[in-house]
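# Geometric and topological summary
Spelled out from the first residue to the last, the chains are:
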Amino acid sequence: MIEDSIYQKLRSHLGYLHLSATALALSSELDYAKEKNLSHTAFLERLLGIEVEAAIGRRQIILENIAALPAPWRLSDFDFDAQPSIDKKMVNELSTLRFLEDATNVMFIGPPGVGKTMLAIGLARASIDAGYRTYYTTAADLVAKCHKAALEGKWSSVMRNYATPKLLIIDEMGYLPLASEAAAALFQVITTRYLKSSTILTTNLSVGAWGKIFDDPMVAAAMLDRLLHRSVVFNIEGESYRMRSHRERYERLVGKGGDKKNLTTYSSNKPISPNHSTEEFQ
Ligand code: ADP
Ligand code: MG
């Protein structure tokens, strides 16, 4: 049958072109086209649409794997009522990802548990969903990878990994003091991305206390200069979300005025000022 041989040829073309999703859908799409009396154009559009969807899906999986996000959080999971010091409107604006267009940086500053990582990951997730190359790292991991790369002579390839993503998240800056080699690595990453691509940074240290992370206050100043030049900064106040739910559970159990002597709560409602002592947030 001529039809049969054309069909076989078509299958083999699809195989040669690696259009596997189309090949898989071909038979049922042909039946559908016949049943609905589709035009050639409409049929072809449906068929290629299937391949495009599959390609987008494959790319999303690759982007997810590259990004290596440590949690599945989304911005929609964030409870803004629990954290009134966060400007929800600004977070919503960031979620449009327009900030990626002009390489704006975002800094989340605040004590532990207030949702810095969650917001950073939520934005990273939005960036992946929009098809942007995104990469998550902790500051400690970045520094360790750079150190290893320097020893193995792979410095430039590791730097490329940090330079190429449209959005880089550097989480947990400031928990550990950085030796000069580590500070230099971080400085290079920030400098390479400066005015080209956005970086989201989370830190427990107020801007004024950054000198304490680095041996050299000049490096701290130069890095901040680049980060803050075009940036959105959130100073998050308040108590840890975990501690808050822990406290609420406790209060449900014992009543609001109950005996709290066994309850450890972390609470710091003081605003973070540039002169704020670092120890309070560690
Ligand atoms: P940080 O990075 O500031 O130390 P995280 O983002 O890791 O804090 O948040 C600590 C925990 O509390 C996480 O499990 C996170 O999902 C949760 N959390 C913090 N803030 C909120 C919030 N506003 N809404 C929902 N969950 C939150
Ligand atoms: Mg965190």
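Let us look at the structure shown here. (Residues numbered from 1 in each chain as written. Chains lettered and ligands numbered in written order. Predicted model: local features only at pLDDT ≥ 70, side-chain atom pairs only at ≥ 80, totals over all residues.)

### Structural notes on the sheet that holds strand 3 (residues 167–173)
Note on sheets: strands pair through backbone hydrogen bonds, and any given pair is parallel or antiparallel. Judged by pairing direction, the sheet is parallel, and its five strands sit side by side in the order 2-3-4-1-5 without closing on themselves. A strand with exactly one partner marks an edge of an open sheet, and here the two such strands are strand 2 (134–138) and strand 5 (231–235). Neighbour-to-neighbour, the strand axes of this sheet turn through a mean angle of 10°, independent of strand direction. Of the pairings in the sheet, the one linking strand 1 (residues 105–109) to strand 5 comprises five bridges and is parallel in character. Counted as the bridge partner of Met107 is Val233 from strand 5. (Pairing = 2+ DSSP bridges. Helix = DSSP H or I, 4+ residues; strand = E, 2+ residues; numbered from the N terminus. Axes fitted to C-alpha atoms, helices over the stretch in contact; angles between N-to-C directions.)

### Quick look at the site of ligand 1
Taken together, 16 residues lie near ligand 1, and Asp79, Gly115, Thr117, Met118 and Tyr241 sit nearest. Mapped onto the shell around ligand 1, the elements with two or more residues apiece are helix 6 (116–129) and helix 11 (241–254). The leading source of residues in the shell around ligand 1 is helix 6, at three residues. A per-class count over the shell around ligand 1 returns seven nonpolar, six polar and three charged. (Near = placed C-beta within 6 Å. Nonpolar A, V, L, I, M, F, W, Y, C, P; charged D, E, K, R; others polar.)

### Quick look at the pairing of strand 4 (residues 198–203)
Counting buried positions over the six residues of strand 4 gives six, a clear majority of the element. Here strand 4 shows two buried faces, one formed by Ser198, Ile200 and Thr202 and the other by Thr199, Leu201 and Thr203. Summarising the sheet, strand 1 and strand 4 pair through four bridges and their orientation is parallel. Each residue of the ladder has a partner; that of Met107, found in strand 4, is Leu201. Across five bridges, the pairing between strand 3 and strand 4 is parallel. Looking at the pairing, Ile170 lines up with Leu201 of strand 4. Viewed along the sheet, the connection from strand 3 through helix 9 (residues 180–193) into strand 4 turns out right-handed. (Buried ≥ 20, exposed ≤ 12 C-beta atoms within 10 Å, placed from the backbone. Right-handed = clockwise from strand over helix to strand, strands pointing away.)

### Comments concerning the nonpolar core
Counting residues in hydrophobic clusters, the biggest one holds 45 residues, and the most contacted among them are Ala120, Ala124, Leu142, Val143, Ile169 and Leu186. At the level of secondary structure, the elements contributing two or more residues to this core comprise strand 1, helix 6, strand 2, helix 7 (139–152), strand 3, helix 9, strand 4 and helix 10 (217–229). When near neighbours in sequence (up to four residues on either side) are disregarded, Ala124 contacts Ala67, Leu69, Thr134, Tyr136, Leu167 and Ile169. (Core = buried A, V, L, I, M, F, W, Y, C linked by C-beta atoms within 7 Å. Contact = placed C-beta atoms within 7 Å.)

Function cannot be read off these values alone, since they describe shape.
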